[in-house]
Amino acid sequence: MEEKGERNSRSSSGSFSLGVSDVKVHTVVELGACVGGGCDDVHVETEKERKKPLKNTLSQRQMKSLVAICDTILPSIIMDNNVVGSSDESVAAFYRTSASMAGTPERLGILISEKLQHPSTWLFRMTLWLLSTWLGTFILCGMASLSTKFPFFHSFPHLSLHKRQQVMQSWSLSYFTLLKMFFRSAKLLTLLVFFTQLDEAKDNPSWKAIGYSGPDPEFKAQLKNHFLHKTSKVEGQKERKEDANDDAEEVIGPLHKGLVHLNYPRDIIADTLRRFGFPVTVTPRKTKVSSNLSSPSLVIQCDAVVVGSGSGGGVVAGVLARAGYKVLVLEKGSYSARNNLSLLEGPTMDQMYLSNGFLSTDDMSVLILAGSTVGGGSAINWSASIKTPQHVCKEWCDSHELELFESKLYEEAMNVVCEKMGVQSEIEEEGFNNAVLRKGCQEMGYPVSNIPRNAPPDHYCGWCCMGCKDGRKKGTSETWLVDLVKSGNGAILPSCEAIQVLHKRKKGSGRKIASGVAFVIEYNGSKEICVVESKVTIVACGALSTPALLKRSGLKNPNIGRNLHLHPVTMAWGYFPDSPSPDLWPEEHKKSYQGGIMTAMSTVVADFDKSGYGAMIQTPALHPGMFSVLMPWTSGMDIKDRMRKYSRTAHVFALARDQGSGTVNSPNHISYKMTDVDKENLRKGIEKVLRILAAAGAEEIGTHHNKGRKLNVKHVSYHEFEKFVKEESSRDLSDLSIPLCSAHQMGSCRMGNDPKESVVNQMGETWEVEGLYLADTSVFPTALGVNPMVTVQAIAYCTAQSILQVLRRKRSR
């Protein structure tokens, strides 16, 4: 075999399109088309109509370094089919294709220029420039940049592939944090882009080689059958109106009648909102005078405005609308209807995740995923629906003096939201990762139980992190927001970002009272400010975005943005090779990305009965992009070998209920630090995970530490195994050598009974502004320790009951 470092970026640079910057097609119902009638008119709109083409603003020097880095991480490797153990040409092509041959650096340049908002992006760009110079390369790479031949000093792009890989290995294990940050960033971005970028057929040639199907094959067939069926009905010209509406709901989604899109002239938006029953005032235009808060373009009146449509905002909106109040929901993300889902990792991150899925703490120690779409996190989460543990309810009641959590109301709220979501614990067939977790626990004698899910027993889908293809996973866009739409009392404004909560001085009192929300609309490049005037205002943007909105709105409570908890996660992996043996387990047809994402969990180190602070053991959803980001990189050959094992590599993780905390100023400016207890709990968890994987029958096991160590369980002694487990589970978790992840963020505007230590009271109302309520995970008094969907919905349900009492009093005046 031969490894090549050539950078053939021009050879096929046009053959791919990166998912996160690809042109997206959105099918949206024409404004007003569904109001009071059917939904036969559908408008197809592309992002090109509304957005300027994305540009790569990196200089030639920076791009030269970026190409060299990408081709160091993913070089061209000429492999004999006998060596790779496959006669499949796709495998040889996978090894042969470098990052630049696939056009990855160009896509990455656009991403760095247009998408990344991390506070250290400028430092990444400066490092690229430094590496293009011999002096900068000498400073960052040391003796590796020297040679005995003229010109003696070399820039990074002019080093041999072998030297470049040595340099990057040294960065990954460096004592200097900034070098580790640069390595992690370069590795993450290169691998994520390469394994999620798409060609014109919405395919990625590497997927076949690693055993990945791409989008759910059943989903592609489902859409094809739908549109063929629809075409045949049109040709027959016989279609009942009821069937048309049912068909629209099945494929377009149940919210299509309640959406108001804002990429239209303001007069059309105003007319549409009036059809929904909202009083709207249009301010006459004044030449060369732009709208502002004192003279907004539109003024919309309602009983309640809800900012955010996830597990908190969706519940409040549904409860209030069903009670007869006019409710307007503002959602920063777009609406991904069922027929609009791609179930492709790159486009989904761009369309349905906060900051396009590129979120991390300031020091890159924790990689963060958060939903940003209609339905919020409930639209893309992994369906685990666990009630608030009793020890947590007791702690919040006793230690934080919040009687709500041991009240009949809260118990009723948990039951109501679970019934609404159809939560149940049965499983017809278990997917690859969960089957491994369950078998390993049973072999080790560890406790293992079914995870309650908001999906039916036969819901065997590994793509739920990209939206639900058939609506069987009951997030808020399939439950509470449906109540809002069916009530006729509400509307949802997708792709609408609130810029400020409005408030004024209350008459006869020095206290402030909320009066609504301001947001911006944009049409044909012109931005205008609009105002929603409401009797109550509910903010439910999530623990990462709510603090920023409150601060922009002038709130001064020092607790806003503090006490952020992340449920830090660390993982281990086990490889289960295919085999012609009839005794193969898990079965050959089972792949790591298929099946229910979460159906099994273990509390072996959860410590529920003592401190309540331990670690849960569960399984993740890892499609090729995220899988490649987490797996260790030690060389181009090594990462390609690891990716070849992708479809039969199981992952299991330990999730800590963290006592440590952080601060969030905005979604792109997050600091966080674990306590020593948190680190020890994760170490205990990963030790159990390694044993679980081995007991389940894995051939190889390992963690995500940068050294990339792995152990062939079948060929080592008991003592060698014990030594490996002890060493890998004792690693330092705070030196950027092991990637930590977070899919749960909470506590940044916590609930309490003292304004000096909290942001809201136990009714969810802010201490600082009357009539302003928070209804998302930001109000959690501490970290929860389990998946938070049921807890946040239950708290939001209780908050909605308090809001109803306020609205009834206002109505009776």
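In the block above lies the structure referred to throughout.
None of the values given here were measured: they were computed from a predicted structure. (Residues numbered from 1 in each chain as written. Predicted model: local features only at pLDDT ≥ 70, side-chain atom pairs only at ≥ 80, totals over all residues. Heavy atoms only, no water.)

Enquirer: Please explain the nonpolar core as it appears in this structure.
Expert: For soluble globular proteins, the rule of thumb is that nonpolar side chains tend to be buried together. The biggest cluster of nonpolar side chains holds 188 residues, and the ones touching the most others in it are Phe 156, Trp 171, Leu 328, Leu 330, Phe 519 and Ile 538. Considering each element in turn, this core owes the most residues, 13 residues, to helix H25 (residues 789-812). Apart from residues lying up to four places away in sequence, Trp 171 is in contact with Leu 131, Leu 140, Cys 141, Phe 156, Leu 179, Lys 180, Phe 182 and Phe 183. With 46 residues, the next largest nonpolar core counts Phe 576, Val 652, Ile 692 and Ile 701 among its residues. (Core = buried A, V, L, I, M, F, W, Y, C linked by side-chain atoms within 4.5 Å. Buried < 20%, exposed > 50% of the residue type's maximum accessible area, 1.4 Å probe, protein only. Helix = DSSP H or I, 4+ residues; strand = E, 2+ residues; numbered from the N terminus. Contact = heavy atoms within 4.5 Å.)

Enquirer: Help me understand helix H24 (residues 718-728) in this model?
Expert: Residue pairs spaced three or four apart in an α-helix point in one direction, given the helix's 3.6 residues per turn. Taken residue by residue, H24 has Phe 721, Phe 724, Val 725 and Glu 728 as its buried positions. Angularly, the buried residues of H24 cover 95 degrees about the axis, an arc narrow enough to put them on a single face. H24 presents His 719, Lys 723 and Lys 726 as exposed residues on the side facing more than 90 degrees away from its buried surface. Next to the buried residues of H24 lie helix H23 (676-695), strand S21 (700-703) and strand S22 (710-712). (Arc of directions from axis to C-beta.)

Enquirer: Is there a simple way to explain the environment of Gly 554 in this structure?
Expert: By the element assignment, Gly 554 lies in the loop between helix H20 (546-552) and strand S15 (569-575). The exposure class assigned to Gly 554 is partly exposed, which follows from its relative accessible area of 23%.

Enquirer: Would you explain the pairing of strand S12 (residues 498-505) in this entry?
Expert: The side chains of a regular strand alternate, first on one face of the sheet and then on the other. Bridge analysis of S12 against strand S13 (residues 512-523) gives seven bridges, and the strand direction is antiparallel. The residue of S13 that forms the bridge with Leu 502 is Gly 516. A loop of six residues connects S12 with S13, the two strands running antiparallel in sequence, and Gly 508 in this loop sits at a positive phi of about 75 degrees. (Pairing = 2+ DSSP bridges.)

Enquirer: Would you mind going over the pairing of strand S19 (residues 661-666) with me for this structure?
Expert: Here S19 pairs with strand S20 (residues 669-673) via five bridges, running antiparallel. Paired with Ser 666 across the strands is His 669, a residue of S20. Counting the residues between successive antiparallel strands, the hairpin from S19 to S20 contains two residues.

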